[in-house]
Amino acid sequence: MPFDSGVRAALGDVQLRGALRQATTLFGERRQTALASVPDWEGARDRARALKDETLLHLDRYLEQFTASAERAGAQVHWARDAGEACEIIGRIAEQHGARTVVKSKSMATEEIHLNAALARRGIAPIETDLGEYIIQLAGEMPSHIVVPAIHKTKAQIAALFAEKLGIEPSDDAAVLTAAARRTLRRCFAEAEVGISGVNFAVAETGTILILENEGNARLTTTLPRTHIALMGIEKVIPRFADLEVFLQLLPRSGTGQILTAYQSLLTGVKRHPDDEGPEQLHIVLLDNGRSPMLAAPITRQSLACIRCGACLNACPVYRQIGGHAYGSVYPGPIGAILTPQLIGIERSAHLPYASSLCGACRDVCPVKIDIPAVLLHLRAQVIEQHAGKGRWLERLLFRAYAVVMARPRAYEWAMRVARALHIMPPIRAWTKWRDLRPLAPRSFREEWRAGLSEAGPSSEAGPSSEAGPSSEAGPSLARVPRARSG
């Protein structure tokens, strides 16, 4: 759906806007309460940003260290340059293990590469096990929030969906709906040959991957199947195990207003003994998919510092009105407006950098201090450069003419007289489509000023008395200018 159409549809959906307002307000209030439990919140943000900056500046070194550490622990590391390679690697591993069903925990990276569709083409059924993702999968939709995929759904809509897809009696009891999903998903965990997850953080020092969740489904996904595949964006690596401390303070509080998520799964390699927990094989797929070019400059590099908390979505006045689907991207909201154009190309997503009021609320709540408005302006400049051919000569001509006129008072006065006489209005249809533009006044301010002096009489033109002092240089008193009549 085109962005304009998506926005209009969202603005006309009263139920959607009500659900968004309620959920984002709740998360914002919880976040504010949770921040009070951190003595030096701003200091923690500074430390996290410094860690991210250091890692991204030397990302090649830390990725090599992570790979070596993970392989020493028994994991197999694969490198994927783009979405196609990542889907091919994961699909091939699943086929090698005879998988007909795979269970998945919540992962924005798998959404980014459209993994579910790629597996389905191979005859492999992917089952989302996060409740929000499961709801979205049943509905045939994309997630509309980074942390809460079904944030736009009301309880009544979910009840109707479960009655249709799972064959249960209609119920508005959340416990009944959750129990119905649990019964279905537990069978899937038992039958799946392969489990697929994302990665929240990866530790270069130890080769450990960390997965945060609240439902326990990720832990089942990574331990019950014999083979675990973890898809990880290359920016998820951090240098040391001790560095996890600051990120575990920031992410839960920023995302859902929790002190800590219910489950923190630290996975290092494969199990050593048959009685141990964990998979027999662990495959870690390192995904680039447009991330490497973002490392070239500090202004774009900071985009990769994102820890996927979703706080910027909850604070954004645009997202709170239109939700995630209007963006047409896996990553919605302010972070999506800067990530997607860089991942898939500005020419395919030129509308996204403009899906912002530039109010700065996203920057204020970002736990790693990404200057999202600055990146948005940088991308808007790229959009302008993309249109450097067609119609650009007219734009240059207009701006040069504007500069010439504005630099010469007589030329400006003459141009405005012509515009008034001919009732010429500037060609700003994009502005006047939604706003009123008043016609030009019959006379300019200067003309009104001269008329006022003329009406005041010749004494006003004789110059001020020498007794008036230095302030007389400012010109005739405004008191002599007749006031505009009402009506």
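Summarised in this report is the structure supplied together with it. (Residues numbered from 1 in each chain as written. Predicted model: local features only at pLDDT ≥ 70, side-chain atom pairs only at ≥ 80, totals over all residues. Heavy atoms only, no water.)

A few points about helix 18 (residues 372-386)
Taking 1.5 Å per residue as the helical rise, helix 18 with its 15 residues ought to reach 21 Å, and the 21 Å between its terminal C-alpha atoms agrees with that figure. Along helix 18, the residues classified as buried are I372, P373, V375, L376, L379, R380 and V383. The arc that holds the buried residues of helix 18, viewed along the axis, is 155 degrees, so those residues lie on one side. Buried-residue contacts for helix 18 involve helix 13 (298-301), helix 14 (311-315), helix 16 (333-344) and helix 17 (361-365). (Helix = DSSP H or I, 4+ residues; strand = E, 2+ residues; numbered from the N terminus. Expected span 1.5 Å × (residues − 1). Buried < 20%, exposed > 50% of the residue type's maximum accessible area, 1.4 Å probe, protein only. Arc of directions from axis to C-beta. Contact = heavy atoms within 4.5 Å.)

Let's talk about the sheet that holds strand 2 (residues 101-104)
Strand order in this open sheet of six strands is 1-10-7-4-2-3, and the pairing throughout is parallel. With one partner strand each, in any of the chains shown, strand 1 (76-80) and strand 3 (125-128) form the two edges of the open sheet. Along the sheet, successive strands turn relative to each other by an average axial angle of 25 degrees, direction set aside. In this structure, strand 4 (residues 194-197) lies alongside strand 7 (residues 227-233), joined through four bridges in parallel fashion. Considered in strand 7, the bridge of I196 is made with I229. Those strands touched by helix 5 (residues 83-96) are strand 1, strand 4, strand 7 and strand 10 (281-287), and its axis lies near 145 degrees from that of strand 1. (Pairing = 2+ DSSP bridges. Axes fitted to C-alpha atoms, helices over the stretch in contact; angles between N-to-C directions.)

Examining empty space enclosed by the protein
Evaluation of the coordinates by the stated rule reveals two cavities of 30 Å³ or more. Estimates place the volume of the largest cavity at around 100 Å³. As for the largest cavity, its lining consists of 14 residues, and the residues nearest its centre are C306, C309, C312, I335 and C366. Along the lines of polarity and charge, the residues of the lining of the largest cavity split into twelve nonpolar, one polar and one charged. Reported here for the second largest cavity is a volume of approximately 50 Å³. Considering the residues around the second largest cavity, the lining is formed by C316, P317, P334, S356, S357, L358, C359, G360, A361, C362, P373 and L376. Listing elements by their share of the lining of the second largest cavity, those giving two or more residues are helix 17 and helix 18. (1 Å grid on protein atoms, 1.4 Å probe; cavity = no way out; pocket = protein on both sides within 12 Å on 5 of 7 lines; lining within 4 Å. Points joined across faces, edges and corners; volume = space filled by probe spheres on them. Nonpolar A, V, L, I, M, F, W, Y, C, P; charged D, E, K, R; others polar.)

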